[in-house]
Amino acid sequence: MADSKAKEVTATNGAQAAGEGTEPKPLWGGRFSAAPTGELERFGASLPFDKRMWRQDIRGSKAHAAMLAHQGVISAEDERLIREGLDEIAGEIERGEFSFDVDRDEDIHMAIERVLTERVGPAGGRLHTGRSRNDQTAVDTHMIARDLADEVLEAIAKMQAVVLERAEGEFGVVMPGYTHMQPAQPVLLSHHLLAYFWMLDRDFRRFQAARAAANRCPLGSAALAGTTYPLDRQMTSAALGFDAATNNSMDSVSDRDYLLDFIYAASVCQVHLSRLCEELVIWSTAEFAFVEMDDAHSTGSSIMPQKKNPDFAELVRGKSGRVAGDLMGLLMTVKGTPLTYDKDLQEDKEPLFDAADTVLGSLMACTGMLATCAFKDERLREASHEGYMAATDLADYLVGKGLPFRQAHAVVGRIVGDCVREGVTLQQLTTDELRSYSELFEGDAHAALDIDNIVRRRTTYGGTGHDAVKVQLEEAKAAYGRNEAALAR
Ligand code: ARG
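Numbering of residues starts from 1 in every chain and runs along the sequence as written. A pLDDT threshold of at least 70 governs which residues receive local features in this predicted model, and a stricter bar of 80 or more applies before side-chain atom pairs are shown or counted, although totals over entire chains, interfaces and linings include all residues. With hydrogens and water excluded, all non-hydrogen atoms of the structure serve as input to the side-chain values.

1. Considerations on the overall build of the protein
- Going along the chain from the N terminus, every DSSP run of H or I of four or more residues is numbered as a helix, and every run of E of two or more is numbered as a strand. Scanning the protein from N- to C-terminus turns up 21 helices and six strands.
- In this description the radius of gyration comes from C-alpha coordinates, and the expected globular size is given by 2.2 Å times residues to the power 0.38. Taking 23 Å as the expected radius of gyration for a compact globule of 489 residues, we find that the protein reaches 32 Å, considerably beyond that expectation.
- Viewed in the frame of its principal axes, the protein has a C-alpha envelope of about 100 × 70 × 40 Å.
- Contacts were defined at the residue level, with two residues in contact if any of their heavy atoms lie within 4.5 Å. Once local pairs closer than 6 in sequence are excluded, the contacts in the protein between residues at least 24 apart make up 74%.

2. Points about the packing of aromatic side chains
- Ring pairs shown here join Phe, Tyr and Trp side chains whose ring centres sit within 6.5 Å, with only the six-membered ring taken for Trp; geometry is labelled stacked below 30 degrees between planes, edge-to-face above 60, and tilted in between. Under the counting rule described, the total for this entry stands at eight aromatic pairs.
- Ring geometry for Phe288 against Phe290: centres 5.1 Å apart, planes inclined by 80°, an arrangement best described as edge-to-face. For the residue pair Phe288 and Phe290, the accessibility class agrees, reading buried in each case.
- With centroids separated by 5.7 Å and ring planes inclined at 10°, the aromatic side chains of Tyr397 and Phe441 adopt a geometry described as stacked. Of this pair, Tyr397 sits in helix α16 (residues 391-400) while Phe441 sits in the loop between α18 (431-435) and α19 (445-448), and the two are 44 residues apart along the sequence. The cut-offs for exposure are 20% and 50% of the maximum accessible area for each residue type, with area from a 1.4 Å probe on protein chains only; residues under the lower value are buried, those over the upper are exposed, and the others partly exposed.

3. Points about helix α17 (residues 405-422)
- For α17, with 18 residues, the first-to-last C-alpha span of 25 Å sits near the 26 Å given by 1.5 Å per residue.
- Within α17 the residues assigned to the buried category are Ala408, Val411, Val412, Ile415, Val416, Gly417 and Cys419.
- On the buried face of α17, the contacting elements are α16 and α18.
- Phi turns positive, to about 70°, at Gly423, one or two residues after α17. Helix span, expected: 1.5 Å multiplied by one less than the number of residues in the helix.

4. Section: the site of the ligand
- Residues are counted as near a molecule or strand when any one of their heavy atoms sits within 4 Å of it. As a matter of local geometry, the ligand sits amid Ser46, Glu106, Asp107, Arg133, Asn134, Thr137, Tyr341, Gln346 and Lys349.
- Interatomic distance of 2.5 Å between a side-chain N/O atom of Tyr341 and an oxygen atom of the ligand.
- Residue-level accessible areas treat just the shown protein chains as cover; the underlying method is Shrake-Rupley with a 1.4 Å probe. Coverage of the ligand by the protein chains reaches 85% of its 340 Å² of free accessible surface.
- Per-element accounting of the shell around the ligand gives the leading share, three residues, to helix α8 (residues 133-169).
- Nonpolar residues are Ala, Val, Leu, Ile, Met, Phe, Trp, Tyr, Cys and Pro. Charged residues are Asp, Glu, Lys and Arg, and all others, Gly as well, are polar. Looking at the shell around the ligand, its residues break down into one nonpolar, four polar and four charged. Nitrogen and oxygen atoms within 3.5 Å of one another constitute a polar contact, given that in protein one can donate a hydrogen and the other can accept it, and given that sequence-neighbouring residues count only through two side-chain atoms.

5. What about the nonpolar core?
- To form a nonpolar core, buried Ala, Val, Leu, Ile, Met, Phe, Trp, Tyr and Cys residues must be joined to one another through side-chain atoms within 4.5 Å. Within the largest apolar cluster, 98 residues are counted, with the highest numbers of intra-cluster contacts made by Phe207, Phe262, Leu363 and Leu426.
- Residues contacting Phe262, with those up to four places away along its chain left out, are Ala145, Leu148, Ala149, Val152, Phe207, Ala210, Leu352 and Ala356.

6. A short note on α16
- Where α16 is concerned, the buried positions are Ala391, Asp393, Leu394, Ala395, Tyr397 and Leu398.
- Elements that come into contact with the buried residues of α16 comprise α17, α18, α19 and α20 (451-456).
- Backbone geometry just after α16 places Gly402 at a positive phi near 105°.

7. Brief notes about the environment of Tyr480
- By secondary structure assignment, the location of Tyr480 is in helix α21 (residues 466-488).
- Setting aside residues up to four positions removed in sequence, Tyr480 forms contacts with Ala157, Gln160, Ala161, Leu164 and Phe197.

8. Description of empty space enclosed by the protein
- A 1.4 Å probe that fits into a set of points on a 1 Å grid over the protein atoms alone but cannot get out defines a cavity; an open set with protein on both sides within 12 Å along at least five of seven lines defines a pocket, and lining residues are those with an atom within 4 Å of a point. Grid points are joined across faces, edges and corners, and a volume is the space filled by probe spheres set on the points. Throughout the structure, instances matching the rule amount to one cavity of 30 Å³ or more.
- What lines the largest cavity is Met159, Tyr196, Met199, Leu200, His272, Leu273 and Leu276.
- For the lining of the largest cavity, the elements supplying multiple residues, two or more each, are α9 (189-214) and α12 (257-283).
- When its residues are assigned to classes, the lining of the largest cavity shows six nonpolar, one polar and no charged.

9. Observations concerning the layout of surface pockets
- Of the voids in this model, the largest pocket is the one considered here, and its volume is about 540 Å³.
- Lining the largest pocket are 25 residues, with Gly177, Tyr178, Thr179, His192 and Glu279 positioned closest to its centre.
- Elements supplying a minimum of two residues to the lining of the largest pocket: β1 (174-179), β2 (182-188), α9 and α12.
- Examining the composition of the lining of the largest pocket, we find that seven residues originate from one element, α9, more than from any other.
- The space that makes up the second largest pocket amounts to roughly 350 Å³.

10. A look at the side chain of His297
- Along the chain, His297 turns up in the loop between β5 (291-292) and α13 (311-335).
- Once residues lying within four places of it in the same chain are set aside, the contact partners of His297 are Phe312, Ala365, Gly368, Met369 and Thr372.

Following this line, the structure appears as structure tokens:
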């Protein structure tokens, strides 16, 4: 009994090893007598996700064929058949008429080449001359990374425009500034918002750098060593809009740095958005009530009728984990790969796409939330009087009257301690009450406690004073203008 069971299992494994009827791939069938099982084929396939690169694949193949014809490697007639066949396939994919079949094709490169060859015959078989899927997949991925960087750059600039608009519109509104999440010093809401403008501006620069890293052409590196055909790599590089051809064929087919650059830029950007969302979540609590999120950017509860939840802000915050995960994942994938191409590297596209999609969706959501939320100016002003945030300025007042700062700090510390016990604000103290702590206090001490004055006096470059923020707004507009100009190029 046990014996026959064992035999059954062996028989099944044997059938699988023999390929369960799967024919060896026509592309490399020559030296094979068996093929992986369907299950294993699907495990090894990248078609389900790399079909997203069909445009890049067709564009790359057309450029390669045109160069082969120009160099006399294939005939002009073959080039025409290839080009027309590829255009036809592009039209079908565009219209959703092309059927992708993961049981037949491992990846987008094989799917398109197979159908092309079925249609145009031997010319299709000549397309792959002097090319390997190793440089083909690399050039496609360089192109799509470049395209995705352009999309993200556009989305960042769009959000910067909204931050600028809100910062200008809310100019003059004071609010509490925090350190350690404890009330610290009052600031302008515009100043707080502009902090995010500059984060986004650095994100813009990081994505520009990632785009520049992607903008080198690996096509013509072939499998790893270059090829004996007289390829003109500069010609294909220029035709595909790259800055230049890459320098080393071995590096070219195994380099994924440009994707790490992209996903790192996405991770930092996502973390910035997450910080903004964390603030929006806190600010929209009943306890803070600094902001009211727009209805169209909030959700309700299925059981509690009173609820208005900042779901989208929370989701963006939550999604920062996955983008950081994409970065870690790809770093670990690349880490153990000896030169040159290893199948491990097929694991590069999903983290790229996931990071790009996540940061694009998050930028869209944050841009909308920020454009539509209502800041509660009166509540922000009221909160600026809580938390004894005028204490530093009161100490500075005493310093102005000649008291060393350390002593002034101690005097004001005693005042604040008493106010906390009495439950009053610093602004509620009379001049006489102040004088009971120090003879140096006079009637003008109240000006030192005025919240607007406190903000206005922070005149240092980059500070929160009204004049300094006006300068900053102009600088932000100029930076935004530069980004817009870079996108138009
Ligand atoms: N599907 C592969 C990838 O995305 C491309 C083919 C790589 N070449 C190979 N010899 N398996 O990386």
